[in-house]
Amino acid sequence: MGVSDSKSPHSINDSDAMDFVHYKDSFTKEALKIGYSQQNILSCLDYAQILLTKDVPVIYNSSHLAVLVGYKKEYLKKAAHHTKYFYRDFEITKKNGKKRPISEPLPSLMEIQHWILKEILYKLPVSPFAKAYRPNISIIENLKFHKNQPKVFTLDLENFFPSIKIEAVERIFTELGYSKNISNLLAQLCTRDGRLPQGAPTSPFLSNLIFKDADLMISDYCKEHKIRYTRYADDLSFSGDFDEKKLLHKVTETIEKLDFKINAAKTKLMTPDRRQTVTGIVVNEKPQVVFHKRNTLRQTMYYIKKFGIDEHREFKEIDQTNFLEHLLGQINFVLQINPKDSEFIHYKAFLIDLKKKQDAKNIKRGLLLM
């Protein structure tokens with residue numbers, strides 16, 4: 001495009017959602033002031049029009065991106081090229097007891113990634129069959145299609161985020177119309193060591209965008225064979241009456257073209273005579289959190305009501321400072337799946353009342369110490 005980092009009309013951007021006619025007029029005036037040729041201006045405007053049509057920010061070069069995100073160009077380049085210094089590594093325990101490595105970006109890089117997510121990625125459509133990582137879409141959307149079906153067949157993708165390489169991320173931005181340099185810089189800011197990091201705010205939505213073609217191919221096959229299909233992150237769920245071997249072959253063939261792999265140990269076929277679950281939720285007749293999780297919450301609430309929350313925490317050696325809030329969140333999840341569950345409605349009311357009493361006690365204690 002001929003837009004150098006040293007001289008670029010950064011005062012012009014699309015943050016006010018201006019139309020192209022207004023943008024063209026404003027850009028031309030600013031560009032002429034700093035000596036752009038007519039040919040250079042036309043080249044920039046051709047580039048800008050493509051991006052404005054898609055409702056994403058115009059970004060000419062790294063200096064321009066630095067202005068938009070509020071960080072120095074030098075910082076962006078360091079974050080892009082020396083990723084290991086911009087992440088904090090730790091592990092969380094999964095349901096099966098195994099550890100999952102998390103790479104959490106430092107606050108500054110996370111802020112930049114949130115900008116990319118909000119200003120660019122959220123503007124792009126994902127497959128309607130993708131039910132996770134979408135604003136205002138709850139887990140219920142992934143469950144209601146599989147209720148009370150002859151068969152429920154679930155597949156799990158192995159190492160989902162790490163399987164997605166920087167080339168696929170860069171392609172998202174180039175297909176939008178960004179230059180090769182900017183697409184590469186944006187992709188580097190969203191990846192670590194050339195792959196999607198588990199912990200970056202951009203990774204979930206990027207995974208939906210990158211899996212979009214696979215969702216389309218799988219859903220076309222399912223429509224043809226009257227199979228219900230949804231995907232929640234790395235969990236693929238199918239239901240209806242179908243030949244699961246043929247389906248597995250089709251899905252395997254499709255995802256391997258994108259360098260994904262099915263975790264054979266987590267492949268499940270569930271018929272009505274046994275518990276059918278989708279993303280850990282029972283869907284046989286009505287959506288319900290699996291029994292052992294509900295039962296654990298029942299036992300916890302029994303001991304809290306009988307002995308008190310502080311005594312229960314002491315006995316169980318729970319040092320989690322926000323234990324009450326965490327417990328309330330788990331009960332809210334049960335009610336999100338089944339809002340009419342009277343037992344858990346009662347638990348919620350009890351915990352809310354307990355929290356009010358604790359808050360009042362803390363306020364009184366604070367006043368006495370003043």
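Residues numbered from 1 in each chain as written. Predicted model: local features only at pLDDT ≥ 70, side-chain atom pairs only at ≥ 80, totals over all residues. Heavy atoms only, no water.

- The protein goes by RNA-directed DNA polymerase in an unreviewed UniProt entry, where it is assigned to Flavobacterium granuli.
- Its UniProt record gives the protein a comment under Sequence similarities (unreviewed entry), which states: "Belongs to the bacterial reverse transcriptase family."
- Recorded under Catalytic activity (unreviewed entry), the UniProt text for the protein is reproduced unchanged: "DNA(n) + a 2'-deoxyribonucleoside 5'-triphosphate = DNA(n+1) + diphosphate". (UniProt positions renumbered as here; feature names shortened; annotations may be inferred.)

1. Quick look at the sheet that holds strand 9 (residues 288–289)
Now for step 1: On the basis of which strands lie adjacent, the open sheet formed by three strands has the order 7-8-9 and antiparallel pairing. Since the sheet does not close on itself, it has two edges, and those belong to strand 7 (277–278) and strand 9, each with one partner.
Now for step 2: Two elements, strand 7 and strand 8 (residues 281–282), share two bridges in a ladder whose sense is antiparallel. By the bridge assignment for strand 8, Thr 277 is matched with Val 282. (Pairing = 2+ DSSP bridges. Helix = DSSP H or I, 4+ residues; strand = E, 2+ residues; numbered from the N terminus.)

2. Focus: the domain arrangement of the protein
Now for step 1: Domain annotation of the protein identifies domain 1 (16–55), domain 2 (87–282) and domain 3 (288–361).
Now for step 2: If you average the C-alpha positions of domain 2 and of domain 3, the two centres end up 31 Å apart.
Now for step 3: The partner domain 3 presents eight residues to the 10 residues of domain 2 that form the contact.
Now for step 4: Roughly 680 Å² of surface becomes buried between domain 2 and domain 3 when both sides are summed, with 63% attributable to carbon and sulfur atoms.
Now for step 5: Put simply, domain 2 and domain 3 have zero salt bridges between them.
Now for step 6: The interface formed by domain 2 and domain 3 contains zero residue pairs in polar contact (both at pLDDT 80 or more). (Domains from an automatic or database assignment. Contact = heavy atoms within 4.5 Å. Buried area = accessible area lost by both parts, 1.4 Å probe. Salt bridge = Lys/Arg side-chain N within 4 Å of Asp/Glu carboxyl O. Polar contact = N/O pair within 3.5 Å; in protein donor to acceptor, adjacent residues only side chain to side chain.)

3. Notes on the side chain of Gln 149
Now for step 1: With respect to the secondary-structure elements, Gln 149 resides in the loop between helix 6 (140–143) and strand 3 (151–156).
Now for step 2: Assessed through its relative accessible area of 14%, Gln 149 is described here as buried.
Now for step 3: Separated by 3.3 Å, the side chain of Gln 149 and the backbone oxygen of Lys 147 make a polar contact.
Now for step 4: Among residues more than four places away in sequence, those in contact with Gln 149 are Arg 228, Ser 239, Gly 240, Pro 272 and Gln 276. (Buried < 20%, exposed > 50% of the residue type's maximum accessible area, 1.4 Å probe, protein only.)

4. Side note on helix 10 (residues 212–224)
Now for step 1: A rise of 1.5 Å per residue sets the reference length of helix 10, with its 13 residues, at 18 Å; its end C-alpha atoms lie 18 Å apart and thus fit the reference within 8%.
Now for step 2: Buried residues along helix 10 sit in contact with strand 4 (228–232), strand 5 (235–240) and helix 11 (244–256).
Now for step 3: A positive backbone phi angle near 55 degrees is found at Lys 226, which sits one or two residues after helix 10. (Expected span 1.5 Å × (residues − 1).)

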